[in-house]
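# Breakdown of the fold
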Amino acid sequence: MDQYTLNLLIVGASFALYVGIAIWSRAGSTAEFYAANRGVNPVMNGMATAADWMSAASFISMAGLIAGVGYANSTYLMGWTGGYVLLALLLAPYLRKFGKYTVPQFIGDRFYSQSARLLAVVCLIIISVTYVIGQMTGAGVAFSRFLEVDVATGLWIAAAVVFVYAVLGGMKGITYTQVAQYLVLIVAYSIPAIFISLQLTGNPMPWFGLFSTHSESGMPLLQKLDQVVTDLGFTAYTAQGDMLNMFLFTLSLMIGTAGLPHVIIRFFTVPKVADARWSAGWALVFIALLYLTAPAVGAMARLNIIDTIFPNGPGQEAVLYEERPDWMRNWETTGLLKFEDKNGDGRIQYYNDKAAGFTEAAAQRGWAGNELEINNDILVLANPEIAQLPGWVIGLIAAGGLAAALSTAAGLLLAISSAISHDLIKDYLKPDISEKGELMAARISMAGAIVVATILGLNPPGFAAQTVSFAFGLAAASIFPALMMGIFSKRINALGATIGMLVGIVSTCIYLFTYLGWFFIPGTNMLENVPSNHLFGIAPASFGPIGALLNFAAAYAVSLATDAPPRHVQELVESIRIPRGAGAATHH
Amino acid sequence: MSDNASSNNKYWAANIRIITICLIIWAVVSYGFGILLRPLLSGIPVGGTDLGFWFAQQGSIFVFIALIFYYAAYMNRLDREHGVDEQ
């Protein structure tokens, strides 16, 4: 059986599994759709939350970004896990006590203001659409590889599949489907990592393999990696990074995590306030199983790629283009890996041609510039092929990547469509809309969001994980401060919260669009996205915490200058701080 | 009623105290050891690199998990002590 058929079979089987579980578990619980999680134990719920959370950014893109840069991209690892501490300590228990279903509802009630609620809806839509662009980018890469088409075609196929998947709708809400997706995802991620760790270090645990000895050279793996990358003019893998941007970017991802509507919603539905605290912990345990493996995947793949291109070490001749391995041929069809024989010697010279001081050495060896371009987003998917693992492992990783991208994209699209059809149209614009009309509005807004995300995904503002990180910056600057002030301060009033959110979202959007193009449309940026143009050296993706700070400051200043919130709102804040008396969550 | 209110205030103050302690640890392992203090820890070798690298790529994640479980257990006890747990 060839690889193409095998991929289709494995991906097909994984989809059949999700649909099967959805149908099976639906039979008994259709009426209890929203309360489905109440009977589920916190461990299972944690697994489902982990599947919901880990998207194409975590699965497909993140290890590739770490591989490309090394230590400086550890920000993704800390940022996308540390946010759960904030969720568990600062938000989840109180929002559970509050007991409504959506983030805009909380903001509307706590700040006793319809305009605060509408603004929260607008923020939610901006955040979610940006997030979906990243998912489409990742899903496009996965489809283009396993259907062997170019990346633009892969993206449109992904758009069609996401649409069908999201319209099936209810599937998303069923915890057991997500448990299955989590299992597929984690097995698909771990198996190649274990094989590769065994090959390179003899240690079957990739977590520890990363810090153990490279069998072939007898050197510690990370030292060996530092050596080969610096031999090719790249920055050392473990080299120090830009501290200011690492700090701000990590903070942006962490507080963004705690401000993402589709993550927060998961904690509204657990049975008790105590469970909201526990389930954040269990979710992080299951997320960590992937996140502790990811740095090993990144480092080992980088070493394997260089070893493929320079089989006898970077000091010797590079491999002949005609003798390149199959994985390179496969990925060339997607357009995500490109070779250009600049010096005409038929060999693939892969090095950093922008490194000062390395150009001379390269010229002496007859090299005329870097000849191989590898898109970071292909690394995790190509990893089993690079390490020459069996065909079923390659199929499995495609299934895992698609599970990650599709489950998160569908969840976000549901959040967008319910925000538009319910919060915006039903409760505000047209309260007399029929149920049928509401459903139609939901479908239309979902289709609209997919089309917008796909078109922007054709020329994405960054790799999947980078694009997703912009969504986190926006969430950090708008939703998180509003929620936190709503719980921890009784003094913040309607006007303060509204102006705070407005200042946060507008300042962050403007900073992003200035460097990345208005609404991420390529070519419309006002300044080139290079460090010398950045305000105080702050990269666009790191701006979230600054936006959050502006949000906090504006909200406090305006609230102190105006009247305190009415008595009943202050009592509401008192009551959400105490677990006792939490009833079942109610839907609007 | 005033008894109840003062007990609730004590409960909230104890909660703020434990949140502050946990968030200090949270910040020290990630922003501290993982990023800003890495140069200070560069002398401590861990598997071919230094302790700061380990905290940035793995160590802080272990600490995050421990913090959440510790906080959950602590608060569930505090809820009972102040009689504000769910029955």
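Residues numbered from 1 in each chain as written. Chains lettered and ligands numbered in written order. Predicted model: local features only at pLDDT ≥ 70, side-chain atom pairs only at ≥ 80, totals over all residues.

## Focus: the overall build of chain B
When you go through chain B residue by residue, the secondary structure sums to 3 helices and 2 strands. Helices and strands appear in chain B in the N-to-C order α-α-β-β-α. Rg of the C-alpha trace for chain B: 18 Å, well past the compact-globule value of 12 Å for 87 residues, more than 25% over. For the C-alpha atoms alone, the extent of chain B along its principal axes is close to 60 × 20 × 15 Å. Within the span of chain B, comprising 87 residues, buried residues form 33% of the whole. By sequence separation, contacts in chain B at least 24 residues apart represent 54% of the contacts at least 6 residues apart. (Helix = DSSP H or I, 4+ residues; strand = E, 2+ residues; numbered from the N terminus. Rg over C-alpha atoms; globule rule 2.2 N^0.38 Å. Buried ≥ 20, exposed ≤ 12 C-beta atoms within 10 Å, placed from the backbone. Contact = placed C-beta atoms within 7 Å.)

## Regarding the overall build of chain A
Summing up its helical and strand segments, chain A has 23 helices and 2 strands in all. Against the globule reference of 25 Å for 588 residues, chain A gives a C-alpha radius of gyration of 24 Å, in line with a compact fold. When its C-alpha atoms are laid out on the principal axes, chain A stretches across 75 × 55 × 40 Å. A buried classification covers 57% of the 588 residues belonging to chain A. For chain A, restricting intrachain contacts to residue pairs at least 6 apart in sequence, the fraction spanning at least 24 positions comes to 80%.

## So, the interface of chain A and chain B
The interface is formed by 41 residues belonging to chain A together with 35 residues belonging to chain B. Within the residue set of the side of chain A that touches chain B, elements represented by two or more residues are helix 4 (74-98), helix 10 (221-231), helix 11 (243-257) and helix 13 (273-291) of chain A. It is helix 13 of chain A that contributes the most residues to the side of chain A that touches chain B, 10 residues altogether.

## Some remarks on the nonpolar core
Residues and elements named next belong to chain A. One finds A120, A139, V162, L185 and L413 to be the most contacted residues of the largest nonpolar core, which totals 223 residues. Among the elements that take part in this core, helix 18 (residues 391-429) stands out by supplying 20 residues, more than any other. Each of domain 1 (3-300 + 387-465) and domain 2 (309-385) contributes no fewer than three residues to this core. Other than its neighbours up to four places away in sequence, V162 contacts A139, L406, A409, A410 and I450. (Core = buried A, V, L, I, M, F, W, Y, C linked by C-beta atoms within 7 Å. Domains from an automatic or database assignment.)

## Re helix 11 of chain A
All names here are of chain A. A rise of 1.5 Å per residue sets the reference length of helix 11, with its 15 residues, at 21 Å; its end C-alpha atoms lie 21 Å apart and thus fit the reference within 8%. Counting buried residues in helix 11 gives 12 out of 15 residues, a clear majority hidden from the surface. Regarding helix 11, the residues found buried are N245, M246, L248, F249, T250, L251, S252, L253, M254, I255, G256 and T257. (Expected span 1.5 Å × (residues − 1).)

## Quick look at helix 4 of chain A
All names here are of chain A. Between its terminal C-alpha atoms helix 4 stretches 35 Å, which fits the 36 Å expected from 25 residues at 1.5 Å a residue. Along helix 4, the helix axis deviates most sharply at L87, where the bend reaches about 50°. Burial analysis of helix 4 places 24 of its 25 residues in the buried class, which makes it a mostly covered element. Residue G99 follows helix 4 closely and has a positive phi angle near 75°. (Bend = angle between axes of the 7 residues up to and from the residue.)

## Overview of the domain arrangement of chain A
Residue and element names in this part refer to chain A. Annotation of chain A at the domain level lists domain 1 (3-300 + 387-465) and domain 2 (309-385). Taken over C-alpha atoms, the centre of domain 1 sits 31 Å from the centre of domain 2. In this complex, domain 1 contributes 34 residues to the contact, which on the side of domain 2 involves 21 residues. Counting residues per element, the ones that place at least two in the side of domain 1 that touches domain 2 are helix 3 (56-69), helix 6 (114-146), helix 7 (151-168), helix 10 and helix 18.

## Quick look at unusual backbone geometry
All names here are of chain A. Positive phi values are uncommon outside glycine, yet Y112 reaches one of about 35°. Locating Y112 in the fold gives a position in the loop between helix 5 (103-110) and helix 6. By the C-beta count within 10 Å, which is 16 here, Y112 ends up partly exposed.

## Some thoughts on the environment of L95 of chain A
Residue and element names in this part refer to chain A. Mapped onto the elements of the fold, L95 is located in helix 4. For the pair L95 and R577, spaced 482 residues apart in sequence, the C-alpha to C-alpha distance is 9.4 Å. Apart from the residues lying within four places of it in its own chain, the contact partners of L95 are F106, I264, F267 and F268.

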